[in-house]
Amino acid sequence: MTTDADVRAEIIDTVRRFVAREVIPHASELEHQDRFPTAMVEQMRELGLFGVTIPEEYGGLGLDLLTYIGVIEELAYGWMSLTGVVNTHTMAATLIIHHGTEAQRQRWLPIMASGERRGALSLSEPDAGTDTRNISCRAQRDGDEYVINGTKAWVTNGETAGIVALAARSEEGISAFIVEKEPGPQFEGISVAKREGKLGYKGVETVQMAYTDHHIPAGNLIGEAGRGLPQILSVLELGRINIAARAVGVTRAAFDAGLAYAQQRTTMGKPIAEHQAIQLKLADMATRLEASRLLTRNAAERKMAGLRCDVEAGMAKLFASETALEVSMDAMRIHGGVGYTTDLPVERYYRDAPLMVIGEGTNEIQRIVIARGLLARALEQGTAS
């Protein structure tokens, strides 16, 4: 009898083979050119990766979160940028799954599951990052429509996405909306105001989007007006687990590169893997990698069980991202001078790792989230006793 674990293993193995065959041989070239991986994304679409967590009744694969983080780890192992194409899409779809109407789910989820339309999540603004309550983008009700005006920042997939889950300030407070557009820099009151140049995380676009008198149907409001912020913040837990899984993938790639090189490179008549200084590094790298994977899995399992996981998602994101930063540097140290060149992907791992430290809430914010969550739980337990 086929079990969920069997299906999970089969899907993850399929993605692993895709990464080995189609991603790893071409990632460095595309990354250095900062070119969108059109062919890879089309293959990801054919594999059904844009519908991994979307229920089967809406055309998705309906797989669990453990399968999703396994897919994300494998993609990040090959090229971390590919996970950005999937992550914001999945977060936008999750927002519709949990907070949209049945009509909205019927309308948008099938075309998102197939990858016909890819999604983006748009929360931040130039003056509203961590301080989400400072959002100034406005959605003014006008009969059967809303008129959107404002600028959104740090929108991954903003140019190539066809569906954007947008946070904007309506009369009732911050509300969540679905904005439909054709992929491209310009569409009926929407323009890409700026494409960000980045240290790493290249290939996938990160943009500012400007809305000027852009009209959307009132039916594109997700859930209740004024409830958009808690709705969007609820999917950020998924985003943080995703970031942790990305970090695990990058850490694993860096560790594997360091381990392989240490066995190949010789100094003083023997492989450097036989030098104690290198062995100590490898031991610490492997231990932190395994701890990161277990923290990420724990957060995913709690979310799947419907349990509160703000603390666990924060811990996984915090530890795994810091590990990716540390292990990618250690891999570069093991490689020595050649690790600093663009001939090998080690320098890319080191440039990609900081995104996980900063993205989906900086690690300084994660520490505050974790501490407040721990204190809230202690208070609840004290009250219960």
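Anything mentioned here points back to the structure above.
Described in the following lines is the structure provided in the data block.

Conventions adopted
Residues numbered from 1 in each chain as written. Predicted model: local features only at pLDDT ≥ 70, side-chain atom pairs only at ≥ 80, totals over all residues. Heavy atoms only, no water. Helix = DSSP H or I, 4+ residues; strand = E, 2+ residues; numbered from the N terminus. Rg over C-alpha atoms; globule rule 2.2 N^0.38 Å. Buried < 20%, exposed > 50% of the residue type's maximum accessible area, 1.4 Å probe, protein only. Areas by Shrake-Rupley, 256 points an atom, 1.4 Å probe, with all protein chains shown as cover. Lys, Arg positive; Asp, Glu negative; His and termini not counted. Charge placed at Lys NZ, Arg CZ, Asp CG, Glu CD. Phe/Tyr/Trp six-rings, centres within 6.5 Å; stacked < 30°, edge-to-face > 60°. Lys NZ or Arg CZ within 6 Å of the ring centre and 35° of its normal. Expected span 1.5 Å × (residues − 1). Arc of directions from axis to C-beta. Contact = heavy atoms within 4.5 Å. Polar contact = N/O pair within 3.5 Å; in protein donor to acceptor, adjacent residues only side chain to side chain. Core = buried A, V, L, I, M, F, W, Y, C linked by side-chain atoms within 4.5 Å. Axes fitted to C-alpha atoms, helices over the stretch in contact; angles between N-to-C directions. Parallel < 35°, antiparallel > 145°, perpendicular 65-115°, else oblique. Left-handed = near helix turned anticlockwise from the far one by under 90°. Nonpolar A, V, L, I, M, F, W, Y, C, P; charged D, E, K, R; others polar.

### Points about the overall build of the protein chain
On a plain count of helices and strands, the protein chain comes out with eleven helices and eleven strands. A globule of 385 residues ought to have a C-alpha radius of gyration of about 21 Å, and the protein chain, at 21 Å, matches this closely. Dimensions along the principal axes, computed over C-alpha positions, put the protein chain at roughly 80 × 60 × 50 Å. Across the 385 residues of the protein chain, 54% fall into the buried class. Of the roughly 16800 Å² that the protein chain leaves accessible, carbon and sulfur atoms contribute 52%. Put simply, the protein chain has 40 plus and 50 minus side-chain charges, and the middle of one group is 4 Å from the middle of the other.

### Some thoughts on the packing of aromatic side chains
Aromatic rings considered in pairs are described by the distance between their centres and by the relative angle of their planes. Here the structure, examined in full by the defined rule, presents one aromatic pair. One Lys or Arg, R252, reaches over the ring of Y77 and ends 4.0 Å from the middle of that ring. The side chain of R288 reaches across the aromatic face of F319, ending 4.8 Å from its centre.

### Comments concerning the environment of A257
As for its placement among the helices and strands, A257 is situated in helix α7 (residues 228–264). A257 sits in the buried class, given a relative accessible area of 18%.

### Examining helix α1 (residues 4–23)
For an α-helix, the turn length of 3.6 residues means that residues three or four places apart are oriented alike. Its 20 residues place the ends of α1 27 Å apart at the C-alpha level, agreeing with the 28 Å of an ideal helix rising 1.5 Å per residue. Within α1, burial applies to R8, I12, V15, F18, V19 and V23. The buried residues of α1 all sit within an arc of 115° when viewed along its axis, so they share a single face. Where α1 is buried, its residues touch α2 (27–33), α3 (38–46), α4 (65–78) and α5 (81–99).

### Focus: the side chain of Q366
Relative to the assigned elements, Q366 resides in helix α11 (residues 363–384). Within polar-contact distance, the side chain of Q366 engages the backbone oxygen of G361 at 3.2 Å. Not counting the four nearest positions on each side in its chain, Q366 is found in contact with R240, G314, K317, L318, E360 and G361.

### Brief notes about the nonpolar core
The tendency in soluble globular proteins is for nonpolar side chains to be buried side by side. In this structure, V23, M44, I54, L75, M112 and I334 are the most contacted members of the largest nonpolar core, which totals 91 residues. In terms of residue count, α7 provides more of this core than any other element does, 18 residues in total. The residues contacting V23, other than those within four sequence positions of it, are F18, M40, G78, W79 and L82. Among the nonpolar cores identified, the runner-up in size contains 21 residues, and C137, A168, I190 and M209 belong to it.

### What about the packing of α5 against helix α6 (residues 102–113)?
Put simply, α5 and α6 touch, their axes get as near as 10 Å, and they point 160° apart. The angle between the axes of α5 and α6 places the two elements in the roughly antiparallel class. Helix-helix and strand crossings are classified by hand; for α5 and α6 the assignment is left-handed. Counted together, H89, A92, A93, I96 and I97 of α5 and Q104, R105, W108, L109 and M112 of α6 form the full contact between these two elements. Split by residue class, the contact of α5 with α6 holds seven nonpolar, two polar and one charged.

### A short note on unusual backbone geometry
A positive phi angle is found at W154, which is not glycine, with a value near 55°. As for its placement among the helices and strands, W154 is situated in strand β3 (residues 145–156). In this structure W154 comes out as exposed when scored by relative accessible area, which is 53%. Phi is positive for E360, which is not a glycine, with a value near 55°. Structurally, the position occupied by E360 is in the loop between α10 (346–358) and α11. We classify E360 as partly exposed; its relative accessible area is 21%.

Shape descriptors only; they carry no functional weight alone.
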